[in-house]
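Each chain is listed here by its residues.
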Amino acid sequence: MRYLPKTNAGGRDLDAERPHISGFAKNGQRSPCDVLILRDMKLDTRSLEDLIASAAQSDHKCFATLYDRTNRHLFGVAVRILGQQQAAEDVLQEAYVSIWKNAGVYRSEIDGQTIQAMTWLIAIVRNKALDALRSRGRRKESELPDWADGDDTGDNAPSAAQSLAPSAMHLLEQATQSMHIEGCMGTLEGSYRQSLALAYYQGLSHSEVAAQMGAPLGSVKAWIRRGLAKLKGCLDTRGVMA
Amino acid sequence: MRYTNADLLEHLASSYVLGTLSSGARRRFARLTADRFDVRTRVAHWEQRLGQLAQSVPQQSPASQVWTAISARTLPESAQPVAGAAAVGGSGLVRWFKPAGWGLGGVAAGALASTLLFIAVPTLFISSDQIAMRSGERLPQSYVGVLSDAQGNGKLLVSSLRQGKVMTIKVIGPIAVPASGRLVLWALPANAPAMALGTVPTTGTSVSTLPDTSEKLLSKVSKLVVTLETDAAPSQPSTTVVFSGNCAKLW
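1. Let's talk about the overall build of chain B
For step 1, the next point in the chain: Across its full length, chain B holds eight helices and eight strands.
For step 2, the next point in the chain: Burial status across chain B gives 28% buried among its 251 residues.

Structure (C-alpha cells):
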C-alpha cells in the first residue's frame, strides 16, 4: 500500500482535485494542456505522443491529462495480470511514476517501425506487473488465477469481478478479431493459442502455463514459441509490423 | 553467455515481452536491454506487436487515491511545499556528517582524497574533451544537421554521435503527411553517390541504426536532403526535394 495522506504538507486537499487540474507546468509557464482544463475534455485532440513529449518537458498538466486518458486501460491490464485490485493499484502508481521519469525516452519510431504511445505505456505497466508477480515467488497451482472457469470455493476463490471476467482465450479471440488476423491465427491449434493467451493475459510463466493446462513443460514452450512466430507472421501479412 | 546469436536474441526478446522468462532470466535480459540498442530495438518491436493484444482487456477505474499518490511523487520541486523540504534537508545534512565521527572517518577521508585528486588532476580519470563536455563548455562530438523547407522553416534535426551507430531524427516543425510515398533522408557526399539514411517521421522523434559509425559514413558529407520517394528501395534521390540542410561536425 503506497498511498500518501490525502492532504499534503502544504495543506492542499489533493483528493478534491481531478487529475487534469492538479498539474504544474515547468517554471510556472503556461502549459499547452491548460486549454484542455478550460474547455470540455472531449475537445482534447492532442495525441498521446504529444502528451508524452510535453511530460518529458516536465509539463505536469499534460502528464495529468495523459493519466486521465489512459489510466483505465492500463489499470485493466494490471488487474488482469495480478488478479488483485490493491496490487494492481500499487503497480499502476509505480508505472506512472516511471512514465513521468522516462517520458523523454519514448521514441515514436525505431528502425523504421512505428511504436505507438499506448503500446509503450502498456509495456511499462506489464513489465511492472510481471516483476511484481515474479517477486511473489513461485505460485502453487492452486494459487494460479483462473479467471473464467474457476469453481474454487475456498480462500482462493475468485472475486465476483474475476468470475465475470472473460477468459484469456476469449480476450485473445477478441483482440485478433479487431486486428483482423483472426483467420490467420485460427490456423493455429487450440492448445497453441491457449498457452499464448494464458501467458499474455494472466502473466503465467512457462511452468505455470504447463501446470494450468496439465501439459508437459517442453510442449508448452514449443507451443508458445510457435504461437509468437505465427502472430508475427500474421501481423507481417497484414502489414501491421514488417 | 554471449548474446551474439540473432535467433537467440529474438527468442529472448519475445519471451521477455510476453512475460514467460523466469525471474532470474528476466533480470539478466533487462540488464542486457539497458546496455544494447539492438536488443532494445527487438524488445520495442515485440512490445508493439504484443501490445495490440491488450486492447481487448476490459478497462477498470483505479481508486482516486492512486492519482493523489502519483501526483505527490511527480510534482516538480517548485510546486512542492518548502517548509517540509527544508526540514528534511537539514536533518539529512546532519545525518550525512555523523558517520565520520563514528568510525567511518577513514572512508570519508578516502573519498575526500579521491575527490581532491580528481579535481587536481582530472585527466587521470577522463579525457579533456569529456571534462569540457561535462562542465557544460562543449557538446559531445557529433554529426548534426538542421533541415528546412524552401521557405527556410526548420523542419528536422538530425544527430548522431561521431563514433556512434545510432541516428536520431527529431521533427522540429510541422510536416504534412505525404498523400503517397514516404519521406527519405539522404546524405550527399562530395565525391560519391547519395546514400539513403532512412525514413523520416512526420511527428515526434525516430531513432535508427546506421550500418557503420557516423564517422565512417558522414565524414565526407556536407549536405543532407529529404526527398519524396514512391519506390520502396530507391537507389538515388528523386528530384522532389522537400527539405535540405548542411551536415556539420560538432567538434
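Now that the structure has been shown, the text picks up again.
2. Comments concerning the interface of chain B and chain A
For step 1, the next point in the chain: Taken together, the contacts link 54 residues of chain B with 69 residues of chain A.
For step 2, the next point in the chain: Contributing elements (two or more residues each) for the side of chain B that touches chain A: helix H1 (6-18), helix H2 (23-35), helix H3 (37-51), helix H4 (64-74), strand E5 (195-199) and strand E6 (205-209) of chain B.
For step 3, the next point in the chain: The greatest single-element share of the side of chain B that touches chain A, amounting to eleven residues, is contributed by H4 of chain B.
For step 4, the next point in the chain: Per-class residue counts for the side of chain B that touches chain A are 20 nonpolar, 30 polar and four charged.
For step 5, the next point in the chain: In this structure, strand E1 (residues 109-110) of chain A lies alongside E6 of chain B, joined through two bridges in parallel fashion. Bridge pairing in E6 of chain B places Ile110 of chain A opposite Val207 of chain B.

3. Considerations on helix H7 (residues 168-178) of chain A
Residue and element names in this part refer to chain A.
For step 1, the next point in the chain: Taken together, the buried positions of H7 are occupied by Ala168, Leu171, Leu172, Ala175 and Thr176. Along H7, the residues classed as buried sweep out an arc of 130° about the axis, all on the same side.
For step 2, the next point in the chain: Where H7 is buried, its residues contact helix H8 (182-186) and helix H9 (190-202).
For step 3, the next point in the chain: Taken from the residues just after H7, His180 is the one with a positive phi, measuring 60°.

4. Quick look at unusual backbone geometry
Phi is mostly negative for residues that are not glycine, and the peptide bonds are mostly trans.
For step 1, the next point in the chain: Its identity as a non-glycine residue notwithstanding, Ser58 of chain A has a phi of 65°, on the positive side.
For step 2, the next point in the chain: A count of 19 C-beta atoms within 10 Å places Ser58 of chain A in the partly exposed class.

5. Some thoughts on the packing of helix H4 (residues 85-102) of chain A against H4 of chain B
Packed helix pairs are specified by the crossing angle of their axes together with the interaxial distance, meaning the distance between the axes.
For step 1, the next point in the chain: Axis separation between H4 of chain A and H4 of chain B bottoms out at 9 Å; the angle between their running directions is 30°. Handedness of the crossing formed by H4 of chain A with H4 of chain B: right-handed. Across the interface between the two elements, Glu89, Leu92, Gln93, Tyr96, Val97 and Trp100 of chain A of H4 of chain A pack against Val66, Ala69, Ile70, Arg73 and Thr74 of chain B of H4 of chain B.
For step 2, the next point in the chain: When the residues that make up the contact of H4 of chain A with H4 of chain B are grouped by side-chain class, the tally is seven nonpolar, two polar and two charged.

6. Examining the confidence of the model for chain B
Residues and elements named next belong to chain B.
For step 1, the next point in the chain: Predicted confidence across chain B gives a mean pLDDT of 82, with 75% of residues reaching 70 or more.
For step 2, the next point in the chain: Taken element by element, chain B is modelled with least confidence in helix H5 (residues 82-97), mean pLDDT 45, and with most confidence in H4, mean pLDDT 95.
For step 3, the next point in the chain: Counting contacts from residues 83-101, a segment whose pLDDT is below 50, to residues more than four positions away or on other chains yields six contacts.
For step 4, the next point in the chain: Across the whole predicted complex the pTM is 0.63, and at the interface the ipTM reaches 0.78.

7. Quick look at the pairing of strand E3 (residues 166-171) of chain B
Residue and element names in this part refer to chain B.
For step 1, the next point in the chain: Inspection of the sheet shows strand E2 (residues 154-161) paired to E3 by four bridges, in the antiparallel sense. If you follow Leu156 over to E3, its bridge partner there is Val171.
For step 2, the next point in the chain: Adjacent in sequence and paired antiparallel, E2 and E3 are bridged by four residues.

8. Let's talk about the confidence of the model for chain A
For step 1, the next point in the chain: Across chain A, the average pLDDT comes to 79, with 70% of residues at 70 or higher.
For step 2, the next point in the chain: Overall, residues 148-158 of chain A carries pLDDT values under 50, and its contacts beyond four positions in sequence, including any with other chains, amount to twelve contacts.

9. Points about the sheet that holds strand E1 (residues 142-148) of chain B
For step 1, the next point in the chain: Taken in spatial order, the ten strands line up as E2(A)-E1(A)-E6(B)-E3(B)-E2(B)-E1(B)-E8(B)-E7(B)-E4(B)-E5(B) in an open sheet, and their pairing is mixed. Of all strands in the sheet, those bounded by a partner on one side alone are strand E2 (113-114) of chain A together with E5 of chain B.
For step 2, the next point in the chain: Sheet topology places strand E4 (residues 182-189) of chain B next to strand E7 (residues 221-229) of chain B; eight bridges connect them, and they run antiparallel. What sits directly across from Arg182 of chain B, in E7 of chain B, is Glu229 of chain B.

10. Description of the pairing of E6 of chain B
All names here are of chain B.
For step 1, the next point in the chain: By the criterion of burial, E6 is predominantly enclosed, with four of the five residues buried.
For step 2, the next point in the chain: Across five bridges, E3 lies against E6 in antiparallel orientation. The partner of Val166 across the bridge, within E6, is Thr209.

11. Quick look at the environment of Val91 of chain A
Residues and elements named next belong to chain A.
For step 1, the next point in the chain: Along the polypeptide, Val91 turns up in helix H4.
For step 2, the next point in the chain: Its 28 C-beta neighbours within 10 Å are what place Val91 among the buried residues.
For step 3, the next point in the chain: Along the primary structure Val91 and Ala78 are separated by 13 residues, whereas in three dimensions their C-alpha atoms are 7.1 Å apart.
For step 4, the next point in the chain: Setting aside anything within four residues of it in sequence, one finds Val91 in contact with Ala78, Leu82, Val125, Lys128, Ala129 and Ala132.

12. Looking at helix H3 (residues 60-82) of chain A
Residues and elements named next belong to chain A.
For step 1, the next point in the chain: With 23 residues, H3 should reach 33 Å at 1.5 Å per residue; the first-to-last C-alpha distance of 28 Å falls well below that figure.
For step 2, the next point in the chain: The sharpest bend along H3 comes to roughly 55°, located at Thr70.
For step 3, the next point in the chain: In terms of burial, H3 is a largely internal element, 19 of the 23 residues being buried.
For step 4, the next point in the chain: Just beyond H3, the residue with positive phi is Gly83, at close to 75°.

About the thresholds
Residues numbered from 1 in each chain as written. Chains lettered and ligands numbered in written order. Predicted model: local features only at pLDDT ≥ 70, side-chain atom pairs only at ≥ 80, totals over all residues. Helix = DSSP H or I, 4+ residues; strand = E, 2+ residues; numbered from the N terminus. Buried ≥ 20, exposed ≤ 12 C-beta atoms within 10 Å, placed from the backbone. Contact = placed C-beta atoms within 7 Å. Nonpolar A, V, L, I, M, F, W, Y, C, P; charged D, E, K, R; others polar. Pairing = 2+ DSSP bridges. Arc of directions from axis to C-beta. Axes fitted to C-alpha atoms, helices over the stretch in contact; angles between N-to-C directions. Left-handed = near helix turned anticlockwise from the far one by under 90°. pLDDT = per-residue confidence, 0-100. Expected span 1.5 Å × (residues − 1). Bend = angle between axes of the 7 residues up to and from the residue.

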